[in-house]
Every structure is written in C-alpha cells, then in structure tokens.
Amino acid sequence: MNVLLIGSGGREHALAWKLAASPLLTKLYAAPGNPGIAREAELVALDVSNHGAVVAFCREKAVDLVVVGPEGPLVDGIADALRAAGIRVFGPSGHAAQLEGSKGFTKDLCARYDIPTAAYGRFDNAADARAYVEKVGAPIVIKADGLAAGKGVTVAMELQEALDAVEACFDGAFGSAGASVVVEEFLTGEEASFFCLCDGTTALPFGTAQDHKRVGEGDTGPNTGGMGAYSPAPVMTQEMIDRTMDEIVAPTMRGMAEMGAPFTGILFVGLMLTENGPKLIEYNVRFGDPECQVLMMRLKDDLLVLLNAAVDGQLGHVSTRWRDDTALTVVLAAEGYPDAPKKGSVIKGVEEAGAGDIQIFHAGTAFKDGNLVANGGRVLNVTGMAAKVSDARSKVYAALDRIDWPEGFCRRDIGWRAVEREG
Ligand SMILES: Nc1ncnc2c1ncn2[C@@H]1O[C@H](COP(=O)(O)OP(=O)(O)OP(=O)(O)O)[C@@H](O)[C@H]1O
Ligand SMILES: [Mg+2]
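Residues numbered from 1 in each chain as written. Chains lettered and ligands numbered in written order. Predicted model: local features only at pLDDT ≥ 70, side-chain atom pairs only at ≥ 80, totals over all residues. Heavy atoms only, no water.

Draft legend 1. Structural detail: the site of ligand 1. Neighbouring ligand 1 are 18 residues; K103, K143, E184, E191 and E282 lie closest to it. At 2.8 Å, a side-chain N or O of K143 approaches an oxygen atom of ligand 1. Here a nitrogen atom of ligand 1 and a backbone polar atom of L187 are 2.8 Å apart. Expressed as a share of its isolated accessible area of 610 Å², the protein-covered part of ligand 1 is 83%. Secondary structure elements with two or more residues in the shell around ligand 1: β7 (140-144), β8 (153-156), β9 (181-185) and β16 (277-284). For the shell around ligand 1, the leading source of residues is β16, giving three residues. Among the residues making up the shell around ligand 1, the classes are represented as eight nonpolar, two polar and eight charged. The two domains that each donate at least three residues to the shell around ligand 1 are domain 2 (125-179) and domain 3 (190-317). (Near = heavy atom within 4 Å. Polar contact = N/O pair within 3.5 Å; in protein donor to acceptor, adjacent residues only side chain to side chain. Areas by Shrake-Rupley, 256 points an atom, 1.4 Å probe, with all protein chains shown as cover. Helix = DSSP H or I, 4+ residues; strand = E, 2+ residues; numbered from the N terminus. Nonpolar A, V, L, I, M, F, W, Y, C, P; charged D, E, K, R; others polar. Domains from an automatic or database assignment.)

Written as structure tokens, this is what we have:
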C-alpha cells in the first residue's frame, strides 16, 4: 500500500516509524514531515489546506490510504474532500471532528445522551456568560469554544480571573474560536487519557496514558502541548475502562451515528476520574502528542492493518495486543518554550543517544548546514520502555543526558504519579 501521512510533529514521527514496520507498506509519503520522519518516508511539500492539491497528489501517486495526524486539517474537512474523491482516509469527517472543534458541540451531545461531564453553560455574548459565572462562583472553568492550540482554557480559582477570561474570549483573544464560550463546573480528581480506535460503529479500546501539561517540575508554570507521557496509566484500571466505554464512549458513538456523523478515526477521551467515577473533560479527534509516542512503542500489532480495519468498518473483527511494559517519553524543548522558543541552536549526539531500544522521535527539528537544529518549541521526544515505570524513566533520562544540546531543557519528573504508585 502507498500511504500519505499528514503532519510534522513527534506524533507523526511515531506513526511513521510504526507504519514503516508494516509488511503491507509499499511507500510512505509525509507532508510536510520533519528530519526524523524523513528516515521512514519521502517528504512532500504539499499545502495540506489545499484539499484539491492533496487529492491530486493522492491520484498521481496512487495513494491507498491517507492518515491525518493533527486536528486542524480534520476540523477543516480534509477527510470529506478525500472521501468525496474516492480516496480512503483515516480520520473523522469535518462534522464528526466537531467533537474537538467545538467544546459546546460535545457538551450538548453529553447533555442529550446523559454522558457524565461537568455541568455547563454555553454563551455567545459576554453579559450572559458573566451573569452565569457570577451565579455559580469560583472555582470555575472558562473555555473558548473552538480550536485554540491548547490555550483557550482558563481554570479560574478566583471569580475575577474567570470574569477576565470571559472578557478575553469575547474581546477576540482566540479569534473566532472565542466567539462562543463554554463555562464549566470545576471538577476534582486525577486526569487520564484513554484512546479508542473507531470505525463509525465499533470503538476498540486503544490504550491509556497520562501526560504532563505544565512546563515546570511538580506540575507548575504555564501550560504546554505536553512535556512527557507514559502508558499505560495505572489509574485507568479495567473497571475504569469498562465504565468509560459504557457511560461515555458507547453513547458518543451512538449519538454521532444518529446525527449522521459517525466517528471514524482515533477518539482521544480526556477524563477526570472523580469520586463519582470517570467524567469527560474533553474529546480530541486525533492521537495525543506525546501520548501517541508511548502508545506506538507498546503496540505489538501492525498499525496499518488496524487503521485499514477502522477505515473499512471492520473493527468488530480485530483485536489488539500490547507490551505489558511501561513506555515513557520525555520532551526536550527549546529554551523559551512555551512563550518564545529559540530556534536554530545545534543539537548533537542524537544518533548515539537513540541506540539500543531507545527511540528518539523528532518533533521540531530541521537540518541546516549539515547540522540538526531546533526548529520549534517541543523538539525531541526521548522514549523508552521497561517493566517498571521507574526503570523506564531511568533509561530515558540516561539516554537523554547523552544528547549535547545546551539550549534545550526538559522536566526531570515525568511519570511521578506512576512512580509513586509503584512505591
Ligand atoms: N471542568 C474542569 N474542571 C477542572 N479542570 C478542568 C476542567 N476542564 C478542563 N480542565 C483542565 O484544563 C485542561 C485543558 O482543558 P481541555 O482539555 O478542555 O482543553 P484543550 O485546550 O482542548 O486541551 P488539549 O490541548 O489537551 O486538547 C484539562 O486537561 C484540565 O487540566
Ligand atoms: Mg482538546
């Protein structure tokens, strides 16, 4: 099969690495890709927002399957354009991608199907949102409705902070993504990520993970795209998985099908495990980054076979097998991240550090004058595996310390919750 992978981050490098291991694969293309992905795929300079150009490329190269990594193109309807042209694609339609593209869409679905989630109000003007916030009081959560690159959510511990967040949204801080606002009840508990491979009808559990959103050790400082992750998440016991499937995922699949937008692709279920059981915080309609990196390390099966089964509505006939080990990944970021990461510094020793069973996925790198250089905020994902979380962590940091990059930094405490549980 010829496959086109869309995206350029560490998530897509991990997907490319796993796809390249499939005996079914003839040729892998990636648009736009990155230097790590270039080892597994031919990079193509396609403007992925130009759906006509992507369709034309697929026809010219006889592409049998398109795998879409990030949410932007999905919410933009790239899967619809490809399907309309008769090209197979792994990823939801624009309508189904509203599960991530509109927080209010998902909350309304939860209300209609009695899916456990935080109580909420949905507003298209500041005055009504303000009145609701004042009535409920802090702590309270303010969310821009649309895609805001992880920056659209304010967990406000004080009333004034919540009111300021409402103003910021309606003042255009997030552009059109903030023209509508969801105000939510503040939930307490431990967060976990759960993934399901979906074919429109069947949802197949596809692993658990926990990530680390804050830039600083001990979960302090500003939010980031994610500074590290591990899988499995011990807090996601079989009981929690069963409850999440029954109470959250199954009604979502049914609801989406009933509204004529069956969900195909990977459903990322962001959960708060409260004392009353799992509650949905959010859906994403793509793999997490860096959660994907640890899932791909643990997946024993041929990823391409599974993606094909999802696209062809055959997930009822497949199963998945996972390594029991814990996989852990640490993000190496460029100084200044998340606000203003510095680009261009030279990174050495990556090949050596990635020896043995360590995988180093490229997230934001480029080649310049024969050197590997930083080209983004999150730059490398150093990933390893071991039976114990603490051993996986030691292995990863030992490899990471062999990388010579003075302008980079990482958190040294990735996995702390699971390490603590291990005792
Ligand atoms: N109702 C809530 N109660 C408490 N904390 C919350 C609530 N909703 C969101 N949060 C916190 O804010 C974070 C971001 O919220 P959410 O996942 O909805 O936003 P997002 O911008 O879509 O995130 P991502 O970039 O991970 O997709 C959550 O991971 C959680 O820590
Ligand atoms: Mg999200």
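Now that the structure has been shown, the text picks up again.
Draft legend 2. Spotlight on the sheet that holds strand β3 (residues 42-43). Judged by pairing direction, the sheet is parallel, and its five strands sit side by side in the order β3-β2-β1-β4-β5 without closing on themselves. The sheet is open, and its two borders are formed by β3 and β5 (89-90), each paired with just one other strand. In this sheet, β5 lies alongside strand β4 (residues 65-68) in parallel orientation, the contact comprising two bridges. In the sheet register, V66 faces β5, and the bridge partner there is V89. (Pairing = 2+ DSSP bridges.)

Draft legend 3. Molecular detail of the sheet that holds β8. The four strands lie next to each other as β6-β9-β7-β8, forming an open sheet whose pairing is antiparallel. In this open sheet, the two strands that pair with only one neighbour each are β6 (120-123) and β8. If you compare each strand with its neighbour and ignore which way they point, the axes differ by 15° on average. Of the pairings in the sheet, the one linking β6 to β9 comprises four bridges and is antiparallel in character. Residue pairing across strands places Y120 opposite E184, the latter belonging to β9. Helix-sheet contacts for helix α7 (residues 126-136) involve β6, β7 and β9, and the interaxial angle to β6 is about 160°. (Axes fitted to C-alpha atoms, helices over the stretch in contact; angles between N-to-C directions. Contact = heavy atoms within 4.5 Å.)

Bear in mind that shape data such as this cannot, by itself, settle questions of function.
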